[in-house]
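# What the coordinates show
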Amino acid sequence: MSASPVYVAIINNNLPSQSILIDVGSEGVAPPTFPHQAQAQAQTQGEKPALGYSGARIFHDLTSLLQCIETEFGIANPRLTPYPVDPSLLLKSALKDQADRVSDLKASNLWFASGSPGRHQLPLPPGPPPKPILGNVLDLLPIPILAMIDLNHKYGHFFPVSLGPRPAVVVSDPYLIEEIMKQEDCFGKFTNAGPLHYLKPIAGNGLFTANDDDPVWGMAHRILIPAFSVKSLSSSIPLMNQQTKLLVEAFRTRFLEKDETFDISEWMSKVTLDIVSLFGFSYELNSISSAEEHPFVKHMVFLFEYAMGKNKLGPLSGIAERINWLTGCSKEQKVQEAVTFIMSTVNEVIKEHQADTDKYSDMCSRMLKIQDPETGVKLSPENIAFQIVTFMIAGHETTSSLLTWTIYMIATHPEVEQKLRYEIETVFAKGNGNIDEKSVGELKYTLAVLKETLRLYPSAPAFAKQCTRDTFVGPYLIKKGTTVLFHAINTHRNAAVWGANPEVFNPDNFLPQNESKRPQYSYIPFGTGPRACIGSQFALIEARIVIAHLLHNFKFTISDDAEPVLQVKLALRPHGIRVHLSEPGPIDLTKAPAPASAPAPSPKVTLDLDTAKPASSNRSFVIQSEADRLDVGEVLVLFGTNMGTSEDVARNIADSAVKLGFKPTVASLDTYANEKLFGFKFVIVATSTYNGNPPDNAKKFAKWISAQGQSSLKDTIFAIYGVGNKQWKTYQDFPRFVETSLVNLGATPLLERGAGDVDGDFDTDTLKWTSLFWASVAYTFKISGSDVSNVVDPSPASNSIEVTWAGKATDAFLQNFQKSGLAVSNRLGRFRYIVKSKTLLTKPGAVKDAWSIVLEIPASETNKYTAGDHFEVYPRNTEEDVRRILPSLDLAGHGIDEIVKLSNTNSIAKRELQIFDTEIPLRYVFNGVDIRTAPTRNFLKFLSGCTECPPEKNALLLLAGTDEASLRAYTEQIAKTKASIADVIERFKSLRIPLGQFLENVPLQKPRLYSIASSNLITPTTVELCIGVLNEEHHDLKGQSVVYKGLSSNFLAGLEVGGPLLGHIRPHGSAFKLPEDPKAPIVLVCAGTGFAPMRSFLEERKGLKQKGVELGEATLIFGCRHPDQDALYSSELQAHLESGVLTRLEYAFSRFGGQKEYVQTLIVNKTDLAEQLWTGISSRGAHILLCGSTALGTAVRESFVKIVERFDGRGKERAEQYIAALAEAGRYVVDVWG
C-alpha cells in the first residue's frame, strides 16, 4: 500500500493543550497542510472538509495505532508531525459525555488514540541521520541557525539532532514551546558550552552568561529588573534623543550634503554603542563623532567574533585550535590582550563611581547602591564589571541589528514608509520636534514595524536550554541531558500561526486586535522565560526614537552598489546594505493613510473537550445537524444579587455575548417580573441566594413566576449560574427554584446549572462553567468555534473606554465638580452623610479595634430605616494604594490632578460606572474602582498583555492559567498572601497599562454593607454603625510578616467628625427583624461586631417600652474575647437588664479564664440556658436571630440541633428537620458574612 499521509488525532489527558493532530507519512512525503488550511482547500476544490468523511478508526492505545499504520501503510517508523487540534472543527461533532466522546466522532476521517488515563508516548519524530562521532555537526554548517531553517522545511517544527555526542531537539512549535516553558524545574540555561561559554572571560556570570543555578544571576536580575521597566526607562529618553540627533547631524554633513552612499549597519552600531555605554556606566565612546574606532569597541568586537567562530565549529573547534597553534595562527595571545584591556577599563569606571556615588545615575551606580530585595546583599565589583560588559555586548548588538533591518524594510516597502511618516510627523508636530515619554507611547505603528522586523529577523534567532530530568513535551519523552534548541526564526515563520505567506513583511501582524489572538509562544524575538532579554523594553524605546528621528529627517533608498550579506552573530546581522539619503519631502497630515485590513486569525486551542459538550442529564435541546442550529439574536441576561457578585457575572457574560453577535439586555430579575419575559427565546440568569431566600432585587420575580401558567416559555432555552456559600445548606436554593420554575413553564435548559462558591475558588468555578456554557452555545447557535474560543480564552479587553484629557483641575472647576458630583451621587442612590461622632468601643489589649460611628441622615436620603436594616458604605482607595499603581499606568504624559472625560463605546460590564461622559479629575476616577480586591485570572491575563518583559509576562500567565501548576501558583502567590490588584501591579515592574484598558478590566468598587446599630424610634435623624477594623497579620511571598488592612473598615475608622461619607440606607428585605408580636420571646445570638443589629433590636425594644408596649423575654448570647477589652456597650446592656428591655445576658469569653468558651459551646454546655432555649422554641414560640460569620452561623445551628436531640429525643436527622422548619417559619433567622 502506498505511503500516503493520513491524519491522526491524539487526545492526551483529555486536555486541548496536550491534544495534537498528527500526519503520518514516509520521509519523502511533503508535510500536509494544517487542519484549517486543509478544510479551506477542500472547500475551494469542491470536496468535503477534512472532518466530512466516514470510516473513522478508534484506537485506545498508541501501540495498536502504530501497528496498524505499519500494516496498512507499510511504514515501519512513521514520521509523526504534531499540529494543534482546531476546536472549530471538533466542535461540530456531537460529544455526548466523557466516556463516549471519541467514539461519537463517527463522521470523521481522523484516527483517534485515546482512553488511557496516562499520557500517550510517541517516539521522537525523525531528524537528519547522524554521522558517527560528529552527529549532525556537518548538517549544521556553515551557519547552524540558517541550516536549521532548511531542516525545518524537511523535518517539521520538532525534530532531533545530535551535537556531536550530545542529543538535542529543535523546536519551533508554539504549543510545544509552551509545554517546555511551563516546566521550569525540568529545563535550565547552562552556558558551559556554545558562544556564551567563550564570552565568559569578559562577561563572567553576567545576566547573559550565568547558569540558572548561579545565585548571583537571581540577585542581579532582582536588582536590575525595576530599572528596565518602561516607566524607569523614561529617564533615558533625553540621552537617546541627544545621541540620535548627533547621528542625524553626522548623516546630513557626511552623506546627504555629499550625496554619498554608506553601509547603514556600521552607523547603527555606532549610535547604539554610544547610547548603551552612557546608559550603562556614563562612558563616552564618541563613536558617532570619531573617525577611529574606540579601542574598547575594537577589542570587544574581536572577542565577540572569536566566540562566534569557536561556536560555529562545534565539536571541531578543539581540533581547529590545535592546528592554529601548530601553524602559529593561534589567537589566544590576542584574546588575552583584549580581555585585559576591557576589564581594566571597566574596573577603572567602577572605581570612579565608587569614589562619588551621587555623581552618577546609570546602571553601574544602581548596582553599587542597591541591595538585592530578597537577600539584602549587594553585587560584588567583579560581577558589576561582568554586567557592564554584558550590557555593552547585548545592548548594542541586538538593537543595531534591529535598526539596520528596519531601515532596509522601510526602504523596500514604500506603503509602510508612508504610514510611518504620517505617524512620526504627527508626533513631531505635537511635540515641537521633540520625542518625550508621551511621544514614544504614541509611536504605535512604529512599534508594530519594529516588532514585525523582529519577527523576520529576531534579536535572539535561537537559544538553548538543557533538560535536567526526564519529562514529556507533548507526547514525546525528553531525556535528561538533552539540549532543547528554540529556533525563533522558524517559530516566527510557522505558517499555522502567521498565515500562508509568513515570509511577507506585514506590520499589521502587530496591530492589537491581531497580536492578542496568537499563541503566547509564537513570538519570541528576545528569548522567553526568566532568562529572556531583560533589556527588550530598552531596545524598543531606543529603536522607536532612532527611527523617528531618522525618518523625520531623511528618506532612505537602497543604493545600486548594495550587496547585502547575512551574518549570524548574537543576532542576525545584515552587512553590505548601502543606502542613499535624500530629503523626505512634505506629507499631508490632514489625510491619514487608509486603515489596514487585519490578517485572518490564527487557530488556537482553548476549549477543553471535557467541557465542550452539552449537559447530559437534563438537556433535551440537542442540535442534530448544522441546519438545526439557531440564529444569533436577542438574549436576556438577568441577575439577582445583594452584594453585586452575580451582577458582575451577568454583565461579563453579556459583554462576551456582544462579541459573538448577540444583542443582550441586562437587568435585575425584578425588572422582568412580568410578561416581558415571555418575549425572549434565550434567557441567562446569574443569581445568589440569601439564607435560601431570593436576593433583594429578585423577590418580586420569585412571587410573580410562581403564579404563572405552564408552557409560557415552551420555545425558550435558558442557562442558570448560582452564586452562594457552600458552607450553607441553602447554598443553591434560590437558583434551584428559578431553574425549576422556568422548566415548569416549558423552557429548556441549555446546560446544567452552574454553581460558584464564594467561600472557595469562585474565580475557577465561574471560569469552568462559562467555558462549558459558551461551548454549549457553539453547539446550539450559528457561531464559529474559533469565535467561541476567543470568548472562552479572552485576549485583553479591547479599549472600549476612551480617554480624553482636558487640562489641569482648577479650584473653580473643583468647586463646580463637587456640587455636580453631589447631584450625580444622589441620583445614583449615594447620599452625603456627615459624621456626627466617633467613639472607640474597645479598650487597650483588644485584638481588633471597634468603633461607634454616628451619621447624620441627609434630607436627600430616600429610605427610612428600621431595626435590622443595612447601611451601604462606598469606601475610597487610599492615596498610598493609588500611588503604588500610578507608575505602571500609561497616562500618556498626563498627571493624576488633570481632568479626564471617559467615553464608554461598548462595554456592558462597565456601563454603570458613573464617571462616563463627565469631566472629572483623574484622582476621583480611582474612587470608583476596586484595586484592593484579589485579581481574577482574566485580570492577570490582561496584565500579561501589558508587559514586554518575558519573565514577568510568563509569571503572570502562570497565575492566570487553570492547569494544576497555575492553580498551585495562584493559591500560593495570591490567595494565601491576600495579594490585591495593587500588590500585583506594584510587584511586576515592567507593566505599562493603558488607562482606558485598565478601567475596562479592573472591577468596580462595590458598596460594603454594615448592619445599622440604632433604632429609628430612639434616633430618627441619625444612624449608628458599629464596625470592627480589620488589620490582619499574614506572610507575603518572601515569608515576611505584613499587615493586611481592610479597605472599608480602615476607611471608616479614619473618618473625621464633621467629615462627609457617601452612603445609603438599605432595607434588609428579609425576615431578619423583630417578630411582629412584641410579646414573642426572642433569642439574640452574636459575636464581636455582629452585635450591631442586636443593638438596633434592643434600642427598638427600648423605644417600644417607652411608648408603653408590653415586651416578651429577650435573651442575648454574646461572644467576646475578654470582659475588659471587647465587651461592647457593656454599661448600656446593664441598663437594658435593669429596665427589662433585656431579660437575660450570657457572655461567652474565648480569652478569659482557664477555658475558652464560645457561643456555640455555651449554648450546649450551660444546662439551664439550653433548657430555657428548648422551652422557648418548643412551647413558647421564641424567635432566634443570629448575626456573625458564616462559621459562627454553621456552628450555632449545629448546637441548636444538639439541643433538639437532647430534649426531644429525636435523632440527628429529625432534629435538623426541626430547625429547618423553624427557619422556614421565619423563627430561626440569620444574617451572616464571610
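Residues numbered from 1 in each chain as written. Predicted model: local features only at pLDDT ≥ 70, side-chain atom pairs only at ≥ 80, totals over all residues. Heavy atoms only, no water.

### Some details on the overall build of the chain
Secondary structure assignment for the chain yields 43 helices and 41 strands. Within the chain, the proportion of its 1234 residues that are buried is 54%. Sequence-distant contacts, at least 24 apart, represent 77% of the contacts inside the chain between residues at least 6 apart. Accessible surface computed for the chain: about 51,300 Å², of which carbon and sulfur atoms make up 52%. (Helix = DSSP H or I, 4+ residues; strand = E, 2+ residues; numbered from the N terminus. Buried < 20%, exposed > 50% of the residue type's maximum accessible area, 1.4 Å probe, protein only. Contact = heavy atoms within 4.5 Å. Areas by Shrake-Rupley, 256 points an atom, 1.4 Å probe, with all protein chains shown as cover.)

### With respect to the side chain of Arg 544
Here Arg 544 is to be found in helix H23 (residues 536-553). Separated by 3.3 Å, the side chain of Arg 544 and the backbone oxygen of Val 440 make a polar contact. Those residues in contact with Arg 544 that lie beyond four places of it in its chain are Val 440, Leu 443, Thr 446, Leu 447 and Leu 450. (Polar contact = N/O pair within 3.5 Å; in protein donor to acceptor, adjacent residues only side chain to side chain.)

### A look at the sheet that holds strand S37 (residues 1082-1087)
Strand order in this open sheet of 5 strands is S39-S38-S37-S40-S41, and the pairing throughout is parallel. Across the chains shown, the open sheet's two edge strands, defined by having one partner strand only, are strand S39 (1144-1149) and strand S41 (1228-1233). Each strand axis lies, on average, 10 degrees off the axis of its neighbour in the sheet, ignoring direction. As paired elements, S37 and strand S40 (residues 1183-1189) share 5 bridges and run parallel to each other. Of the residues in S40, the one forming a bridge with Val 1085 is Leu 1186. Across the sheet, helix H38 (residues 1091-1106) lies against S37, strand S38 (1114-1120) and S40, angled at about 145 degrees from S37, the strand it touches most. (Pairing = 2+ DSSP bridges. Axes fitted to C-alpha atoms, helices over the stretch in contact; angles between N-to-C directions.)

### Description of the packing of helix H16 (residues 381-412) against H23
When two helices pack together, their arrangement is given by the angle between their axes and by how far apart the axes lie. Put simply, H16 and H23 touch, their axes get as near as 10 Å, and they point 40 degrees apart. In terms of orientation, H16 lies oblique with respect to H23. Crossing of H16 against H23: the hand is right-handed. In contact with Gly 395, Thr 399, Leu 402, Leu 403, Thr 406, Ile 407 and Ile 410 of H16, H23 contributes Ala 539, Glu 542, Ala 543, Val 546, Ile 547, Leu 550 and Leu 551. (Parallel < 35°, antiparallel > 145°, perpendicular 65-115°, else oblique. Left-handed = near helix turned anticlockwise from the far one by under 90°.)

### Quick word on helix H41 (residues 1167-1179)
Spanning 13 residues, H41 covers 18 Å between terminal C-alpha atoms, matching the ideal 18 Å at 1.5 Å per step. For H41, the complete set of buried residues consists of Leu 1169, Ala 1170, Leu 1173, Trp 1174, Gly 1176 and Ile 1177. The buried residues of H41 occupy one face: seen down the axis, they fall within an arc of 165 degrees. One or two residues past the end of H41 sits Gly 1181, with phi positive at roughly 70 degrees. (Expected span 1.5 Å × (residues − 1). Arc of directions from axis to C-beta.)

### Section: the environment of Asp 362
Positionally, Asp 362 belongs in the loop between helix H14 (332-355) and helix H15 (363-369). On a C-alpha basis, the gap between Asp 362 and Leu 278 in space is 7.6 Å, while along the polypeptide they are 84 residues apart. Leave out the neighbours within four places in its chain, and Asp 362 touches Leu 278, Phe 279, Gly 280, Phe 281, Ser 282 and His 353. Reaching out from Asp 362, the side chain makes a polar contact with the backbone nitrogen of Ser 365 at a distance of 2.8 Å.

### Concerning the sheet that holds strand S30 (residues 919-921)
In spatial order, the strands read S24-S29-S30; together these 3 strands make up an open sheet with antiparallel pairing. Of all strands in the sheet, those with a lone pairing partner are strand S24 (801-808) and S30, marking the two edges. Neighbour-to-neighbour, the strand axes of this sheet turn through a mean angle of 35 degrees, independent of strand direction. Where strand S29 (residues 898-904) lies against S30, 3 bridges are found, and the strand directions are antiparallel.

### Notes on helix H24 (residues 645-659)
Under the 1.5 Å per step criterion, the end-to-end length of H24 is 22 Å for 15 residues, consistent within 8% with the ideal 21 Å. Of the residues making up H24, those classed as buried are Ser 646, Val 649, Ala 650, Arg 651, Ile 653, Ala 654, Asp 655, Ser 656 and Ala 657. Looking one or two residues beyond H24, the residue adopting positive phi is Gly 661, at roughly 100 degrees.

### Focus on the packing of aromatic side chains
Across all of its chains, the model carries 38 aromatic pairs by this definition. Measuring from centroid to centroid gives 4.8 Å for Phe 463 and Phe 486, while their planes differ by 10 degrees, and the two rings are stacked. With Phe 463 in strand S10 (residues 462-467) and Phe 486 in strand S13 (residues 483-487), this pair connects stretches of sequence that are 23 residues apart. In this pair, the class of Phe 463 matches that of Phe 486, namely buried. For the pair Phe 678 and Trp 704, a centre-to-centre distance of 5.7 Å together with 35 degrees between the ring planes defines the contact as tilted. With Phe 678 in the loop between strand S19 (663-668) and strand S20 (682-688) and Trp 704 in helix H25 (residues 699-705), the pair connects residues that are 26 residues apart, well separated along the chain. The ring of Trp 267 carries Lys 270 above its face, with NZ or CZ at 5.1 Å from the centroid. The ring centre of Tyr 1044 lies 5.7 Å from the NZ or CZ of Arg 932, which sits over that ring. (Phe/Tyr/Trp six-rings, centres within 6.5 Å; stacked < 30°, edge-to-face > 60°. Lys NZ or Arg CZ within 6 Å of the ring centre and 35° of its normal.)

### Some remarks on the pattern of salt bridges
In the structure shown here, the tally under the stated rule is 36 salt bridges. Close ionic contact of Arg 932 with Asp 881 constitutes a salt bridge, the shortest N to O distance being 3.2 Å. Note that Arg 932 is positioned in the loop between helix H31 (922-925) and helix H32 (937-944) and Asp 881 in helix H30 (residues 879-885), a separation of 51 residues in sequence. As far as burial versus exposure is concerned, Arg 932 and Asp 881 are alike and both buried. Two residues, Glu 1032 and Lys 978, come together in a salt bridge whose shortest N-O distance is 3.3 Å. Of this pair, Glu 1032 sits in strand S34 (residues 1031-1035) while Lys 978 sits in the loop between helix H34 (964-975) and helix H35 (981-987); the two residues are 54 residues apart in sequence, bridging distant segments of the chain. According to the relative accessible area criterion, Lys 978 is partly exposed, its value standing at 33%. (Salt bridge = Lys/Arg side-chain N within 4 Å of Asp/Glu carboxyl O.)

### Quick notes on the nonpolar core
Counting residues in each nonpolar core, the largest one holds 103 residues, and the members touching the most others are Phe 228, Phe 251, Ile 264, Trp 267, Met 268, Leu 550 and Phe 556. Among the elements that take part in this core, H16 stands out by supplying 14 residues, more than any other. When neighbours within four sequence positions are excluded, Met 268 is seen to be in contact with Leu 247, Phe 251, Ser 400, Leu 403, Thr 404, Ile 407 and Leu 550. (Core = buried A, V, L, I, M, F, W, Y, C linked by side-chain atoms within 4.5 Å.)

### A look at unusual backbone geometry
Even without being a glycine, Ser 282 presents a positive backbone phi close to 55 degrees. Summarising the element assignment, Ser 282 is placed in the loop between helix H11 (264-281) and helix H12 (295-313). Judged by its relative accessible area of 33%, Ser 282 falls in the partly exposed class. Here Tyr 1129, not a glycine, exhibits a phi torsion of approximately 55 degrees, which is positive. Here Tyr 1129 lies in the loop between S38 and helix H39 (1130-1139).

### Considerations on the environment of Arg 830
Here Arg 830 is to be found in the loop between helix H29 (811-827) and strand S25 (831-840). Assessed through its relative accessible area of 19%, Arg 830 is described here as buried. Residues Arg 830 and Pro 1007, 177 residues apart in the sequence, show an inter-C-alpha distance of 9.8 Å.

### Here we look at the environment of Ala 867
For Ala 867, the position within the fold is in the loop between strand S26 (850-856) and strand S27 (870-873). On the basis of relative accessibility, which here comes to 9%, the residue Ala 867 falls in the buried class. Taking the C-alpha atoms as reference points, Ala 867 and Glu 1099, separated by 232 residues in sequence, lie 8.3 Å from one another.

### Things to note about the confidence of the model for the chain
Mean pLDDT over the chain stands at 79; residues scoring 70 or higher make up 78%. When the criterion is pLDDT under 50, residues 1-61 qualifies, and its contacts beyond four places in sequence or with other chains add up to 181 contacts. Under a pLDDT of 50 for its full length, residues 312-330 has, in the predicted model, 19 contacts with residues more than four places off or in other chains. (pLDDT = per-residue confidence, 0-100.)

### Some remarks on the pairing of S27
Burial along S27 is two-sided: the face carrying His 870 and Glu 872 and the face carrying Phe 871 and Val 873 are both buried. Judged from the 4 bridges that link them, S27 and strand S32 (residues 1008-1011) form a sheet pairing that is antiparallel. Bridge pairing in S32 places Phe 871 opposite Tyr 1010. When S27 meets strand S36 (residues 1060-1066), the two strands line up antiparallel, connected through 4 bridges. Bridging from a neighbouring strand, Phe 871 pairs with Ile 1065 of S36.

### Re the state of the cysteines
The full count for this structure, using the stated rule, is 0 disulfides. Counting only cysteine sulfurs, Cys 467 is the nearest neighbor of Cys 186, a cysteine outside any disulfide, at a range of 6.4 Å. Assessed through its relative accessible area of 2%, Cys 186 is described here as buried. (Disulfide = S-S within 2.5 Å.)

### What to know about the packing of helix H17 (residues 414-430) against H23
Here H17 crosses H23 at 95 degrees, and the two axes come no closer than 10 Å. Classified by the interaxial angle, the pair formed by H17 and H23 is roughly perpendicular. Facing Leu 420, Arg 421, Ile 424, Glu 425 and Phe 428 of H17, the residues of H23 in contact are Ile 547, Ala 548, His 549, Leu 551 and His 552. For the contact of H17 with H23, the residue count by class is 6 nonpolar, 2 polar and 2 charged. (Nonpolar A, V, L, I, M, F, W, Y, C, P; charged D, E, K, R; others polar.)

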